[in-house]
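Geometric and topological summary
The lines below spell out each chain.
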Amino acid sequence: MTSPAGIPRHVAVIMDGNGRWAQQRGLSRLAGHAEGVKSVEAMVRACREAGVQYLTLYAFSTENWSRTPAEVAGLMRLLEKFLRSHTAEMHKHDIRLRVIGRLDDLPLAVRNALRRAMQATAGHTAGQLILALSYGGRDEITRAAREIARQAAAGAIRPEAVDEAMISAHLYAPDVPDPDLLIRTSGELRLSNFLLWQLSYAELYFTDVLWPDFREAEFQAALQEYSRRQRRFGGVRDADAQPGGAA
Ligand code: FPP
């Protein structure tokens, strides 16, 4: 699998602004999330058409559990509905569904729907849709460190053998290449604990557009901006560069 020249292989998105979008219209926050799902659908389609192979969406953070029970339950229902209604389409387009995060925290119905969708699409190779659910970047790195420490304590590895590759190998989806482009909507200029390890060399794209309004045209603008940037990975020019060679 390769992406066309100038097209990011992996796009990661912090989908922000559903609540404000709803508030501006006098609607409930859940109505904003429901409209946000339509942007998810548009994004999946646009990535497929553009040749982006990996799309990671920050759908629910470890911090999002502190929202009201009604909002959490509503988000979980939307997620379940999305999985039920889109598995066939992912199947048709050879897209594999994956999840990163604390899967065990999720309600049983959502876990079951995720398992079904992941099993149904497990062999697909044209692209991957990766949902970050009950996900936190520090949590992910902490879990990796704990597992490596456990192996070291058991004598299976020497502390000197711990390197970046070993830490990467203990993250949720070690085979997925790091994101080339991070998009955050709604004007906030933060990473909010998203893919802290993997975003080291990503191009960052921030837009004031609220997530429910982020559709095909906004994504094309982000792709254009990305293609204009020269990626240096902390040293050499893009054509010769390898991630990890930072000065
Ligand atoms: C941030 O907006 C958005 C979320 C916390 C949830 C994102 C979820 C979806 C778009 C729907 C479900 C996802 C899938 C993959 C089907 P916010 O509520 O923080 O907005 P605000 O900052 O304006 O309040």
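In this text the structure is predicted, and so the values were computed from the model without any measurement.

**Section: helix H3 (residues 69–92)**
The terminal C-alpha atoms of H3, which comprises 24 residues, lie 35 Å apart, in line with the 34 Å expected from a rise of 1.5 Å per residue. At His-86, H3 shows its largest kink, close to 45 degrees. Elements that come into contact with the buried residues of H3 comprise helix H2 (29–50), strand S2 (54–61), strand S3 (95–100), helix H4 (108–120) and strand S4 (127–135). Phi turns positive, to about 65 degrees, at Asp-94, one or two residues after H3.

**Things to note about the site of the ligand**
Around the ligand sit 17 residues in total, of which Met-15, Gly-19, Arg-20, Arg-29 and Arg-67 are the nearest. Gly-17 is positioned with one of its backbone polar atoms (N or O) 3.3 Å from an oxygen atom of the ligand. Contact between the ligand and Arg-67: an oxygen atom at 2.8 Å from a side-chain N or O atom of the residue. Notes on the ligand: free accessible area 630 Å², of which the protein chains cover 92%. Across the shell around the ligand, the residue classes break down as 7 nonpolar, 6 polar and 4 charged.

**Considerations on the nonpolar core**
Grouped together as the largest cluster of nonpolar side chains are 42 residues, with contacts concentrated most on Met-43, Leu-129, Ile-183 and Phe-219. If one sorts the elements of this core by residue count, H3 sits on top with 8 residues. Apart from the residues within four sequence positions on either side, Phe-219 is in contact with Val-11, Met-43, Ala-46, Cys-47, Val-52, Ile-183 and Phe-214. One finds Ile-130, Tyr-135, Leu-195 and Ala-202 within the second-largest nonpolar core, a separate group that totals 15 residues.

**Observations regarding the packing of H2 against helix H7 (residues 216–228)**
Their axes nearest at 10 Å, the elements H2 and H7 cross at an angle of 45 degrees. Comparing the axis directions of H2 and H7 gives the class oblique. In the crossing of H2 with H7, the sense of the turn from one axis to the other is right-handed. For the pair H2 and H7, the contacting residues are Met-43, Ala-46, Cys-47, Glu-49 and Ala-50 in the first and Glu-216, Phe-219 and Leu-223 in the second. A breakdown of the residues in the contact of H2 with H7 according to their chemical character gives 6 nonpolar, no polar and 2 charged.

**Section: the pairing of strand S5 (residues 181–184)**
Remember that side chains alternate between the two faces of the sheet whenever the strand is regular. Taking every second residue as pointing to the same face, both faces of S5 are buried, with Leu-181 and Ile-183 on one and Leu-182 and Arg-184 on the other. The pairing of S5 with strand S6 (residues 203–206) spans 4 bridges and is classified as parallel. If you follow Ile-183 over to S6, its bridge partner there is Tyr-205.

**Details of the packing of aromatic side chains**
Overall, the coordinates contain 6 aromatic pairs when judged by the stated rule. Counting every residue linked through ring pairs, the aromatic cluster contains Tyr-58, Tyr-135, Tyr-172 and Phe-194.

**Things to note about unusual backbone geometry**
A negative phi angle is the norm for most residues apart from glycine, just as the trans form is the norm for most peptide bonds. Although it is not a glycine, Asp-94 adopts a positive phi angle of roughly 65 degrees. As for its placement among the helices and strands, Asp-94 is situated in the loop between H3 and S3. Since its relative accessible area comes to 27%, Asp-94 is described here as partly exposed. At Leu-195, a position not held by glycine, the phi torsion is positive, near 45 degrees.

**A look at the side chain of Arg-98**
By secondary structure assignment, the location of Arg-98 is in strand S3. Among the residues examined, Arg-98 registers a relative accessible area of 12% and is labelled buried. Side-chain polar atoms of Arg-98 contact the side chain of Asp-175, separated by 2.9 Å. What Arg-98 contacts, discounting residues up to four positions off in sequence, is Met-118, Gln-128, Leu-129, Ile-130, Leu-131, Ala-173, Asp-175 and Val-176.

**Re the confidence of the model for the protein chain**
Note: predicted coordinates in regions of low pLDDT should not be interpreted at a detailed level. Of the residues in the protein chain, 94% have a pLDDT of 70 or more, and the chain-wide mean is 93. Every residue in residues 240–247 is under pLDDT 50, and counting partners more than four places away or in other chains gives 12 contacts.

Calculation rules
Residues numbered from 1 in each chain as written. Predicted model: local features only at pLDDT ≥ 70, side-chain atom pairs only at ≥ 80, totals over all residues. Heavy atoms only, no water. Helix = DSSP H or I, 4+ residues; strand = E, 2+ residues; numbered from the N terminus. Expected span 1.5 Å × (residues − 1). Bend = angle between axes of the 7 residues up to and from the residue. Contact = heavy atoms within 4.5 Å. Near = heavy atom within 4 Å. Polar contact = N/O pair within 3.5 Å; in protein donor to acceptor, adjacent residues only side chain to side chain. Areas by Shrake-Rupley, 256 points an atom, 1.4 Å probe, with all protein chains shown as cover. Nonpolar A, V, L, I, M, F, W, Y, C, P; charged D, E, K, R; others polar. Core = buried A, V, L, I, M, F, W, Y, C linked by side-chain atoms within 4.5 Å. Buried < 20%, exposed > 50% of the residue type's maximum accessible area, 1.4 Å probe, protein only. Axes fitted to C-alpha atoms, helices over the stretch in contact; angles between N-to-C directions. Parallel < 35°, antiparallel > 145°, perpendicular 65-115°, else oblique. Left-handed = near helix turned anticlockwise from the far one by under 90°. Pairing = 2+ DSSP bridges. Phe/Tyr/Trp six-rings, centres within 6.5 Å; stacked < 30°, edge-to-face > 60°. pLDDT = per-residue confidence, 0-100.

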